Amino acid sequence: MRILGIETSCDETAAAVVEDGTKVLSNVIASSVDLHAQTGGVVPEVAAREHLRQISPVVDKALSDAKVGWDDIDAIAVTHAPGLLTSLLVGVNTAQTLAYIYNKPLILTHHVAGHIYANFLERQTTNDQFPILILTISGGHNELVLMKSHHDFEVIGETLDDAAGEAFDKIARLLDLGFPGGPIISKRAELGDSTAFDFPRPMLDKDNKYNFSFSGLKSAVKREVDRLKTIDERQINNLCASFQSAVIDVLADKLTMAADEFNVKSVHLAGGVSANQLLRKTVRERLSSNIELLWPEEMIYCTDNAAMIASAAFFNPKKEFNAKSVEVSSQLDLS
Ligand code: KG4
Ligand code: ZN
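These numbers were taken from a predicted model, which means no experiment stands behind them.

1. Considerations on the overall build of the protein
Across its full length, the protein holds ten helices and ten strands. Against the globule reference of 20 Å for 335 residues, the protein gives a C-alpha radius of gyration of 20 Å, in line with a compact fold. For the protein, the C-alpha atoms occupy an extent of roughly 60 × 45 × 30 Å along the three principal directions. Among the 335 residues that make up the protein, the fraction classed as buried is 55%. Considering only residue pairs separated by 6 or more positions, the protein has 75% of its internal contacts joining residues 24 or more positions apart. Put simply, the protein shows about 14700 Å² of open surface, and 48% of that area lies on carbon and sulfur atoms. Taking the average location of the 31 positive side-chain charges in the protein and that of its 45 negative ones, the two points are 2 Å from each other.

2. As for the sheet that holds strand β5 (residues 106–110)
With mixed pairing, the five strands of this open sheet are ordered in space as β3-β2-β1-β4-β5. Lying at the two open borders of the sheet, with one neighbouring strand each, are β3 (23–31) and β5. The sheet shows a mean angle of 20° between the axes of neighbouring strands, taken without regard to direction. Summarising the sheet, strand β4 (residues 75–81) and β5 pair through five bridges and their orientation is parallel. Residue pairing for β5: Ala81 is matched across the bridge by His110.

3. Side note on the coordination of the zinc ion (ligand 2)
Taken together, the protein ligands of the zinc ion (ligand 2) are His111 (NE2), His115 (NE2) and Asp304 (OD), with distances of 2.0 to 2.1 Å. Around the zinc ion (ligand 2), the four donor atoms sit at angles spanning 93 to 136°, and that spread fits a shape best called irregular. Every donor residue of the zinc ion (ligand 2) comes from the same chain, spaced as H-x3-H-x188-D. One end of the pair is His111 and the other is His115, both in helix α4 (residues 111–117) and four residues apart, which spans about a single turn. Just as His111 is buried, His115 falls in that class too.

4. Examining a nonpolar patch on the surface
Together, Leu35, Val43 and Val46 line one region of the surface with nonpolar side chains, adding up to about 180 Å² of accessible area. Of note, Val43 is situated in the loop between α1 (33–37) and α2 (44–65).

5. A word on the domain arrangement of the protein
Per the domain assignment, the segments of the protein are domain 1 (2–118 + 300–314) and domain 2 (128–296). Placing a centre on the C-alpha atoms of domain 1 and another on those of domain 2 gives a separation of 26 Å. Of the roughly 1400 Å² buried between domain 1 and domain 2 on both sides combined, carbon and sulfur atoms contribute 73%. On the domain 1 side of the interface with domain 2, the three residues burying the most area are Ile116, Tyr117 and Cys302, jointly 41% of the side's total. Counting the contacts that link domain 1 with domain 2 gives zero salt bridges. Where domain 1 meets domain 2, there are four residue pairs in polar contact (both at pLDDT 80 or more). When contributions to the side of domain 1 that touches domain 2 are tallied by element, the ones reaching two or more residues are α1 and α4. In terms of residues, the side of domain 1 that touches domain 2 owes the most to one element, α4, which gives six residues. Taken together, the residues of the side of domain 1 that touches domain 2 break down into twelve nonpolar, six polar and one charged.

6. Some thoughts on the packing of aromatic side chains
Following the criterion strictly, the structure yields nine aromatic pairs and no others. Both rings, one in Phe314 and one in Phe315, keep their centres 5.0 Å apart while their planes meet at 85°; by these two values the pair is edge-to-face. Exposure remark for Phe314: the relative accessible area of 21% places this residue in the partly exposed category. Accessibility expressed as a relative area gives 13% for Phe315, which makes it buried. In this structure an aromatic cluster arises from ring pairing among Tyr117, Phe120, Phe314 and Phe315. Above the plane of the ring of Phe212 lies Lys254, whose end atom (NZ or CZ) is 5.8 Å from the centre.

Analysis parameters
- Residues numbered from 1 in each chain as written.
- Chains lettered and ligands numbered in written order.
- Predicted model: local features only at pLDDT ≥ 70, side-chain atom pairs only at ≥ 80, totals over all residues.
- Heavy atoms only, no water.
- Helix = DSSP H or I, 4+ residues; strand = E, 2+ residues; numbered from the N terminus.
- Rg over C-alpha atoms; globule rule 2.2 N^0.38 Å.
- Buried < 20%, exposed > 50% of the residue type's maximum accessible area, 1.4 Å probe, protein only.
- Contact = heavy atoms within 4.5 Å.
- Areas by Shrake-Rupley, 256 points an atom, 1.4 Å probe, with all protein chains shown as cover.
- Lys, Arg positive; Asp, Glu negative; His and termini not counted.
- Charge placed at Lys NZ, Arg CZ, Asp CG, Glu CD.
- Pairing = 2+ DSSP bridges.
- Axes fitted to C-alpha atoms, helices over the stretch in contact; angles between N-to-C directions.
- Donors = N, O, S within 2.8 Å, 3.2 Å for Na, K, Ca; no water.
- Tetrahedral: all angles 85-135°; square planar, octahedral: opposite > 155°, others 65-115°.
- Patch = residues over 30% accessible without salt bridge, like charges linked within 9 Å, V, L, I, M, F, W, Y side chains within 5 Å.
- Salt bridge = Lys/Arg side-chain N within 4 Å of Asp/Glu carboxyl O.
- Domains from an automatic or database assignment.
- Buried area = accessible area lost by both parts, 1.4 Å probe.
- Polar contact = N/O pair within 3.5 Å; in protein donor to acceptor, adjacent residues only side chain to side chain.
- Nonpolar A, V, L, I, M, F, W, Y, C, P; charged D, E, K, R; others polar.
- Phe/Tyr/Trp six-rings, centres within 6.5 Å; stacked < 30°, edge-to-face > 60°.
- Lys NZ or Arg CZ within 6 Å of the ring centre and 35° of its normal.

Structure follows, in structure tokens:
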């Protein structure tokens, strides 16, 4: 089965053709990140306009890169939640129209389910890898998800304030380093000393054992920046390294604690922050050696893309076919 995936929930206009949920025939992404870098964050109206400009050429290219025509497409999958409403509307409206014109089933897909299925792309999947524990970490989401079978998602923890990626972005803005913050901070951190500043590792009380909170850490970095007044390059590198190590400690400790408690067979990292090399290394070191650890096969599958949306749709046993009247939502629970 070949599914055309469409993703426009934030600042990436993406379309992809995926066969049987795993084989990526094409994966086209037009990012408006350069425009948002000028404002230090995504301006919804600017993102929506860019989606409108890009969506048709991106869909055309996804088909031509995959060397398929409309007759070869069995269904269209689109992200309908959560995300920026005006951005989601462009993708959903396009998908709905294409489904109507070409008489294809339309499968509405949750963006975080998409990030979770990024770990199924370009891989053999077997049912004996369940239960899987997934840490979804991106600019908008930060969840610990227990998955006992396909699309059976139990959210066992989430952030009470900022998502991990959002914390990276906000600290980068505070230090005037650019957007998105994650890749920049992790590069600067390589040059810095992670013990230079003793930032808090918010582990929270037992009722919030698997929840996250990064706003206190953000305030601690800000206090330090205010105290320093003038900051040289070396101090910036040290701030980045110390901040990154605090975030990673919290993510890795909670993840390994939950992996043991729920006796999982595999742990998956998903979402933009899963591109972070130190996070991958730290989790591997702390996780029991008998637990498989995966992150997306390609860097491009960590951040927003449409191949993951097509994959999530393929594995969804409750595929919502022929939706004539569809809704978008800025917030929608995964489970
Ligand atoms: O999944 P994604 O592309 O979009 C959302 O759904 O939000 O994630 C983007 C986030 C940004 O906050 C960015 O700063 C972060 O992922 N990110 C990273 C790295 N690469 C991207 N964070 C830490 N380290 C990285 N190497
Ligand atoms: Zn995302």
